[in-house]
Every structure is written in C-alpha cells, then in structure tokens.
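Okay, here's what each chain looks like letter by letter:
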2 protein chains.
Amino acid sequence: MQPLTALIDKCRDRGVKLTPQRIAIFECLMQQGGHPSAEEVYQEVSRRHPTLSFATVYNTLQLLTDLGEVREVIVDELRRRYDLNTDSHQHAVCRLCHRIVDVRVGAGQVAALEQIDLGAYDFQLERATIQFTGLCGSCARPSSEDADT
Amino acid sequence: MQPLTALIDKCRDRGVKLTPQRIAIFECLMQQGGHPSAEEVYQEVSRRHPTLSFATVYNTLQLLTDLGEVREVIVDELRRRYDLNTDSHQHAVCRLCHRIVDVRVGAGQVAALEQIDLGAYDFQLERATIQFTGLCGSCARPSSEDADT
DNA sequence: TACTAGATTAGAACCATTATTACTTGATAG
DNA sequence: CTATCAAGTAATAATGGTTCTAATCTAGTA
C-alpha cells in the first residue's frame, strides 16, 4: 500500500482531476482495508459527503482499477468487491458466510503457475489467481454465532 | 460426466421428482457442455418447452448444485455460470471477451495447493481453484474479429 | 383413479450496476 | 483574482441477472 500522496501525484501526472469525493474514496479504501463493495464505500464516504452518489463511487472505483491501484475481486456471486492492489496475495473465501481472507502462499508456487504454457489451449497466460474455498474459523465452529448471509 | 440415467437414478434415490423440464435441463447441460449461463440454458430448453420459466431453470440449477452434479463458476463479472461437475479442471478466462477455456494443469500442482495449511488464517481449506487470466486466441490476434463482450 | 406434496408458470420485485442529463467545479491561463 | 471549460458529480431512470409470490399443475403414491 502506498500513501495517499503518492496516489494523488499519480492522478495529477495523468491529468485526472482531484475532487474531494475522490480523495475521500481513496482514503476510505486505504483506511478500512479489506475488500469493500461499492455499497460499503458509499456508506462510509457518504457520512462526510452526504450528497455523494453511487455513480461517483462506481466511477472512482473504475478509475482506480484502470490506474492499476485497485483490483476487482470476483468472489461473491452477485456483488463486486475491490481490493487495494498491494503486493500479490490470494483469497480464501468461506463457503458459508462468504468472508474473504487474504492469504499468502509461497511466491514460488504462484510464479510456477504463471509459467505454465497454455499455448495448447490457444491462450496467452497473463496471471494466475488462486481461490481457496472452505470454512472460516467462525463457521467451522458451529457453536459460534457470527455466520452471516 | 455420467449418463443421464445415472443422474435420474440419483434424483429418485433422494426423492427428487423428475419432471420433463428437469430432464430437459439435465440433457441440455450434458449435450452442450461448456459453461452455460441460466439464460443460455433457458434459450436452449425453451425451444422444446415453450412455457418454461426462468424460475424453473434457476431452481433446477440450484438443485443440481446441491446434489453436487454441477458447480457454479464465478468468473464473468456478474453472471453466474454453471459447469457440469466432471473431473477437476481449472479455468482460463479471456480478459477481453470473457470466454472460458477449460484447462488441465498437473494434478500434482492442484493437489499441492490443497495441502497448504491455512490454519494460521483460521481457515479450513477444502478446495483450491486456479483461475488463469489472459487473452484467448481470437483476442490475442487483433486482426481477428470475433471478440465479444 | 384420487390425493397431495412438491414443481411449474407468469410476472412482479429486488438489487447491483450502468446510463443519462443537467448542474457544478478543479485546474489552467490571462 | 477571475473567467473559462473540460471533466466530474448528483439525481434519477434504465438495465439485467436473480429471486420471490401466488396460483395452477403434476409426479409419484395409495
């Protein structure tokens, strides 16, 4: 993760206008971490910018995706989530509550996957993503009560 | 992939009613292969069952998922796709046209991933899925014209 | 053949996302 | 400091995949 100023500079360099809404969204993503959905970003940022619209949230998230600062995470079936594009990590998703846990696996293992030649499938490989499925701690302990969705 | 009769028997064993619509959907999945969306299944099956409703398609796909015969594939951004749950394979998704290509990687490599101990993350690993991203043949050759959304 | 639990249908509802349009503003140049 | 305008924002409508609902129908059984 880089500081806010670095992101702001990057925007300036590319002629992207800096508005209070955008900066607030940047800050939100940096502060809360995790894998927020557009809804969650909206909830958080609209506390300080009550007129914020969803379009702005979506536009900004798209902008950040295009800048390579954020990655879309397709994990939940019907909702897009966003991940500050820090150093590479993989996701473990609980099959019951859909909680997303960042996981670091051996860098070598991922690199090995990305070396695979998929030419036989007429496919130019760019990136390999591993998604682990299973049970998070709370859901694995049935007495616990914080499974959701 | 198993024959239709095996699937029918499995339904009977579990007290699941067999209707013409369900059987037609089973057949559709087995014949057309690939990773159809609910929409595609509907289009195909409604040719023979013109009164078919989407609810039936979704219900049946959910039923098959619960039976373990089908797996939901979360790959395209916001549309669910379904994969006959045959022997294990991984997916390569074109980042431009979203075409999904089945890919077989060394079984050992996947098995190794599933052996990883995620206990440090308080996570009980059940399955590892690898998704490759890149360009399919058509999209890698810019002169070709069959890239689609 | 009649019964009934469960399946199907049509259509409305839902919800995340995208598009549209009018209004507003950040960044620049004078 | 102000004027300018390309670009951004807000409000709201539209879209599209999925789920729900209520009424009707039917597969499997007695």
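Please read all numbers here as calculations on a predicted model, not as lab measurements. (Residues numbered from 1 in each chain as written. Chains lettered and ligands numbered in written order. Predicted model: local features only at pLDDT ≥ 70, side-chain atom pairs only at ≥ 80, totals over all residues.)

(A) Representation of the nonpolar core. Ranked by size, the top nonpolar core spans 24 residues in total, and within it Ala128(A), Ile130(A), Ala128(B) and Ile130(B) carry the most contacts. Of all the secondary structure elements, the ones that give two or more residues to this core are strand E3 (90–94), helix H5 (107–115) and strand E5 (123–136) of chain A together with strand E3 (90–94), helix H5 (107–115) and strand E5 (123–136) of chain B. In contact with Ala128(B), not counting residues within four places along its chain, are Ile130(A), Phe132(A), Val110(B), Leu113(B) and Glu114(B). (Core = buried A, V, L, I, M, F, W, Y, C linked by C-beta atoms within 7 Å. Buried ≥ 20, exposed ≤ 12 C-beta atoms within 10 Å, placed from the backbone. Helix = DSSP H or I, 4+ residues; strand = E, 2+ residues; numbered from the N terminus. Contact = placed C-beta atoms within 7 Å.)

(B) Spatial organisation of helix H1 (residues 4–13) of chain B. Along H1(B), only 1 of the 10 residues are buried, which leaves the element largely exposed. A positive backbone phi angle near 70° is found at Gly15(B), which sits one or two residues after H1(B).

(C) Expanded view of the relation of the copies chain A and chain B. Once turned by 179° and shifted 0.1 Å along the axis, chain A lies on chain B with an RMSD of 0.2 Å. Both chain copies can therefore be described as sitting about a two-fold axis. Proximity to the rotation axis, assessed at the C-alpha, singles out Ile130(A) in chain A; its C-alpha lies 2.3 Å from the axis. Mapped onto chain B, 97% of the interface residues of chain A are again interface residues, and the two copies thus contact each other with one and the same surface. (Least-squares fit on C-alpha atoms with pLDDT ≥ 70 in both.)

(D) Here's a closer look at the protein's contact with DNA strand D. Near DNA strand D lie 28 residues; those nearest to it are Thr19(A), Thr56(A), Leu18(B), Ala55(B) and Arg80(B). The set of elements that each furnish at least two residues to the surface near DNA strand D consists of helix H2 (20–32) and helix H4 (54–67) of chain A together with helix H3 (38–45) and helix H4 (54–67) of chain B. Looking at the surface near DNA strand D element by element, the count peaks at 5 residues for H4(A). Taken together, the residues of the surface near DNA strand D break down into 12 nonpolar, 10 polar and 6 charged. (Near = placed C-beta within 6 Å. Nonpolar A, V, L, I, M, F, W, Y, C, P; charged D, E, K, R; others polar.)

(E) Quick peek at helix H3 (residues 38–45) of chain A. Where H3(A) is concerned, the buried positions are Val41(A), Tyr42(A) and Val45(A). The buried residues of H3(A) all sit within an arc of 100° when viewed along its axis, so they share a single face. (Arc of directions from axis to C-beta.)

(F) Main features of the protein's contact with DNA strand C. Within the structure, DNA strand C sits among 28 residues, and Leu18(A), Arg80(A), Thr19(B), Ala55(B) and Thr56(B) are positioned closest to it. Looking at the surface near DNA strand C, the elements with two or more residues in it are H3 and H4 of chain A together with helix H2 (20–32) and H4 of chain B. For the surface near DNA strand C, the element with the most residues is H4(B), which contributes 5 residues. Class assignment for the residues of the surface near DNA strand C results in 12 nonpolar, 10 polar and 6 charged.

(G) Seen up close, the interface of chain A and chain B. Taken residue by residue, the interface counts 31 residues in chain A and 31 residues in chain B. Looking at the side of chain A that touches chain B, the elements with two or more residues in it are strand E4 (100–103), H5, E5 and helix H6 (137–140) of chain A. For the side of chain A that touches chain B, the element with the most residues is E5(A), which contributes 14 residues. A class-by-class count of the residues in the side of chain A that touches chain B yields 19 nonpolar, 7 polar and 5 charged. In the sheet, E5(A) pairs with E5(B) via 13 bridges, with the strands oriented antiparallel. Across the sheet, the residue bridging to Gly134(A) is Leu125(B), located in E5(B). (Pairing = 2+ DSSP bridges.)

(H) Seen up close, the packing of H3(B) against H4(B). Residue and element names in this part refer to chain B. Where H3 contacts H4, the axes come no closer than 10 Å and their chain directions differ by 120°. Accordingly, the angle class assigned to the pair H3 and H4 is oblique. Regarding H3 and H4, the two cross each other, and that crossing is right-handed. Together, Ala38, Val41 and Tyr42 of H3 and Phe54, Val57, Tyr58 and Leu61 of H4 make up the contact between the two elements. In terms of residue class, the contact of H3 with H4 is built from 7 nonpolar, no polar and no charged. (Axes fitted to C-alpha atoms, helices over the stretch in contact; angles between N-to-C directions. Parallel < 35°, antiparallel > 145°, perpendicular 65-115°, else oblique. Left-handed = near helix turned anticlockwise from the far one by under 90°.)

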